[in-house]
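Each chain, written out:
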Amino acid sequence: MYRYDDFDRQLLAERTAQFRDQVARRISGELTEDQFKPLRLMNGVYLQLHAYMLRVAVPYGTMNGEQMRKLGYIARTYDKGYGHFTTRQNIQYNWPKLNEIPDALADLATVEMHAIQTSGNCIRNTTTDQYAGAAADEIEDPRPYCELIRQWSTFHPEFTYLPRKFKIAVTGSPNDRAAVRVHDIGLRMHKNDAGETGFEVIVGGGLGRTPFVGKTVRDFIGKNDLFSYLEAILRVYNRFGRRDNKYKARIKILVHEVGVDEIRRLVEEEWSKIRDGSLRVSDDEIAQYIAQFAPPAFEELQANDPEFERRKQAHPDFAAWVRSNVIAHKQPGYAIANISLKPIGGIPGDATADQMELVGDLADQYSFGDVRVTHEQNLVLPHVKKADLFALWAELNSALLATANLGFVTDIIACPGLDYCALATARSIPLSQRISERFGDLERQYDIGELKIKISGCINACGHHHVGHIGILGLDKRGKEFYQITLGGDASQDASIGKIAGAGFSEAEVVDAIEALITRYIDIRTVGERFIDTYRRVGMDPFKEVLYGDR
Amino acid sequence: MSLQVVTANRLDDGLAVFMTADDGWSTDLRDAVCAEDAPQAEALMARADTEKQQVTVVGPYLIDVAQEDGVLVPTKYREVLRTLGPSVRTDLGYQAG
């Protein structure tokens with residue numbers, strides 16, 4: 001993985017010292033809150049219901065074991081012993097004290113981590129496929145390009161005060177695991193007719209109060225031209241994006257209002273002026289970054305390991321975990337091991353300091369020191385020998401990290417909701433816990449099959465409810481929490497925005513409503529159909545009927 | 001009008017606090033000074049939102065409260081949570097004791 005050079009280290013040291021001074025000046029009264037707020041937000045510090053929150057970046061979701069252990073150390077030293085992994089592949093701490101945050105950032109800097117690009121109206125931390133560099137279906141590892149985007153976008157002077165925040169996601173695989181079609185810019189790697197690798201450029205996707213699937217502004221941009229093309233898009237957005245209304249300031253609104261053809265015209269016009277400038281990246285430079293993400297020293301192994309097969313026979317719990325959480329690796333004899341942060345009845349995405357430290361150790365022991373965060377709030381050890389899977393599982397199991405539910409009904413995305421968030425209108429986590437408990441039985445989950453439930457505690461949609469097969473939006477109705485259900489959302493390469501099923505449900509009713517939907521799906525599905533497939537075949541009506549009858 | 005108190009988050013640790021009669025701040029809503037009408041509420045806010053208070057708290061605002069069995073409680077669930085802590089982690093926040 002990428003290691004910092006002197007420039008990166010200096011940048012981070014200066015930034016940490018700067019923020020330490022800003023915090024001191026705020027505490028002394030030299031800075032007012034109005035002056036300080038934009039500064040703290042540029043350093044990932046929010047104020048929530050109960051305390052400050054520090055959001056730490058995990059650039060493109062990739063960490064080494066030492067970094068993961070440091071996240072655990074931060075949780076224990078500066079927080080209350082846990083952290084929350086987010087849909088941006090980041091981690092949030094819920095209880096840091098303001099005057100201790102500079103120390104936490106200094107500690108993070110020792111392992112090349114920070115809170116830059118986790119807040120503010122800048123280009124945010126770039127996200128990508130959690131299986132990058134390991135997936136069997138990948139064209140190329142997207143992370144060298146993500147790292148180049150990080151370097152281009154970090155403190156970009158022109159794009160520090162954009163109309164609104166700006167999120168870029170990249171997939172190197174045709175099977176999109178990074179939800180690129182619902183980002184401000186989504187980049188989908190593919191090959192052109194000449195066999196060259198490049199990117200489809202998708203613009204104006206997004207969730208929030210006005211969800212859109214992004215539109216393609218360019219079918220193919222070569223690797224060398226990617227960064228000047230991104231710059232051209234950002235310039236068009238920075239110039240024409242609305243600043244008069246916060247809720248209409250994202251690029252998706254601009255694309256929607258002026259149309260993708262006009263956006264394309266503007267971007268191409270801007271690009272024609274800068275395409276041969278300093279942002280054109282040479283093959284040699286790209287090769288240097290590809291080398292930074294060179295595959296680890298895999299052993300030459302047989303595709304199948306007899307001992308692994310025997311263990312599966314002997315240990316049904318291990319076999320279940322392999323079935324749901326272990327995914328094919330491109331290297332024979334290796335596998336991708338997913339660590340579910342969705343224990344039955346637990347809090348989605350939360351991990352304790354001990355668990356983080358253990359995962360860091362296990363990454364070193366079994367996965368070439370490589371660990372990933374997923375946008376679905378789980379962790380991944382991307383390069384595990386099949387022969388080691390049983391030992392890994394046993395260690396995970398002893399730390400309550402071996403729930404065998406990846407992609408199933410209890411693998412729920414939930415935002416922090418009203419339990420923590422100052423913007424929330426209803427709680428998300430308790431609802432996810434109740435759904436998880438209702439469907440906790442593994443056999444039942446496997447019978448239901450792949451089902452993505454995503455819960456947001458307000459219209460800002462941090463829980464991605466618009467792209468849940470079943471989405472749930474928590475709202476406040478005359479002081480009471482109630483929940484609106486959407487159906488048919490999808491974050492994958494077949495992205496779609498869910499449709500509202502009808503009137504919302506009370507806190508007491510909503511889990512029964514979800515069960516009714518699932519029961520109806522089981523009744524009407526054909527062989528091999530997932531929930532989303534059935535929905536797409538039959539439409540909303542059969543589901544509406546079980547929710548509302550004749551209402 | 002509902003009874004109102006002024007709440008904010010403490011500058012140094014961010015914890016939820018409530019303004020007291022001597023213009024100080026308590027982590028316990030029961031210590032809060034209460035406004036019974038709009039002019040009183042406005043006066044309370046004026047005392048809370050000063051340059052001097054900015055060194056102690058962030059973002060003061062009024063919340064509706066009610067007397068229940070002689071104790072002040074917020075009427076909105078969001079504010080109830082701020083007096084307790086996360087409902088999903090009853091071991092944390094003020095509710096943990």
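Some words on the pairing of strand β7 (residues 168–171) of chain A
All names here are of chain A.
Thinking step 1. Neither face of β7 is exposed, since I168 and V170 on one face and A169 and T171 on the opposite face are all buried.
Thinking step 2. Bridging between strand β6 (residues 127–128) and β7 involves 2 bridges; their strand directions are parallel. Across the sheet, T128 pairs through a bridge with V170, a residue of β7.
Thinking step 3. For the segment spanning β6, helix α5 (residues 143–153) and β7, crossover handedness is left-handed.
Thinking step 4. In the sheet, β7 pairs with strand β8 (residues 185–191) via 4 bridges, with the strands oriented parallel. Of the residues in β8, the one forming a bridge with T171 is R188.

Observations regarding the interface of chain A and chain B
Thinking step 1. Facing the 29 residues of chain A at the interface are 23 residues of chain B.
Thinking step 2. Buried surface at the junction of chain A and chain B, both sides included, amounts to about 2,100 Å², of which 63% is carbon and sulfur.
Thinking step 3. Applying the counting criterion to the chain A and chain B interface returns 0 salt bridges.
Thinking step 4. Counting the contacts that link chain A with chain B gives 10 residue pairs in polar contact (both at pLDDT 80 or more).
Thinking step 5. Elements supplying a minimum of two residues to the side of chain A that touches chain B: α1 (6–28) and α14 (429–438) of chain A.
Thinking step 6. Of the residues assigned to the side of chain A that touches chain B, the class counts are 15 nonpolar, 7 polar and 7 charged.

Side note on the pairing of strand β9 (residues 197–203) of chain A
All names here are of chain A.
Thinking step 1. When you tally the buried positions in β9, you get 7 out of 7 residues, the bulk of the element.
Thinking step 2. The pairing of β8 with β9 spans 7 bridges and is antiparallel. Residue L187 lies in a different strand from β9, and its bridge partner there is V201.
Thinking step 3. Linking β8 to β9, which pair antiparallel, is a turn of 5 residues; within it G195 sits at a positive phi near 85°.
Thinking step 4. Bridging between β9 and strand β10 (residues 215–222) involves 5 bridges; their strand directions are antiparallel. Note on β10: the bridge partner recorded for V201 is R218.

Description of the domain arrangement of chain A
Residue and element names in this part refer to chain A.
Thinking step 1. Domain annotation for chain A reports domain 1 (6–109), domain 2 (142–292), domain 3 (306–398) and domain 4 (413–548).
Thinking step 2. Every contact between the two is made by 8 residues of domain 1 and, on the other side, 10 residues of domain 2.
Thinking step 3. Taking both partners together, domain 1 and domain 2 bury about 820 Å²; carbon and sulfur atoms supply 63% of that area.
Thinking step 4. Counting the surface domain 1 buries against domain 2, the share from its top three residues, M42, Y60 and R88, is 57%.
Thinking step 5. Across the contact surface, domain 1 and domain 2 share 1 salt bridge.
Thinking step 6. Notably, a salt bridge pairs R150 with D8, separated by 3.2 Å at the nearest N-O pair.
Thinking step 7. Put simply, domain 1 and domain 2 have 3 residue pairs in polar contact (both at pLDDT 80 or more) between them.
Thinking step 8. The dominant element in the side of domain 1 that touches domain 2, judged by the number of residues it contributes, is α1, at 3 residues.
Thinking step 9. Its residues assigned to classes, the side of domain 1 that touches domain 2 comprises 4 nonpolar, 1 polar and 3 charged.

Rules behind the numbers
- Residues numbered from 1 in each chain as written.
- Chains lettered and ligands numbered in written order.
- Predicted model: local features only at pLDDT ≥ 70, side-chain atom pairs only at ≥ 80, totals over all residues.
- Heavy atoms only, no water.
- Buried < 20%, exposed > 50% of the residue type's maximum accessible area, 1.4 Å probe, protein only.
- Helix = DSSP H or I, 4+ residues; strand = E, 2+ residues; numbered from the N terminus.
- Pairing = 2+ DSSP bridges.
- Right-handed = clockwise from strand over helix to strand, strands pointing away.
- Contact = heavy atoms within 4.5 Å.
- Buried area = accessible area lost by both parts, 1.4 Å probe.
- Salt bridge = Lys/Arg side-chain N within 4 Å of Asp/Glu carboxyl O.
- Polar contact = N/O pair within 3.5 Å; in protein donor to acceptor, adjacent residues only side chain to side chain.
- Nonpolar A, V, L, I, M, F, W, Y, C, P; charged D, E, K, R; others polar.
- Domains from an automatic or database assignment.

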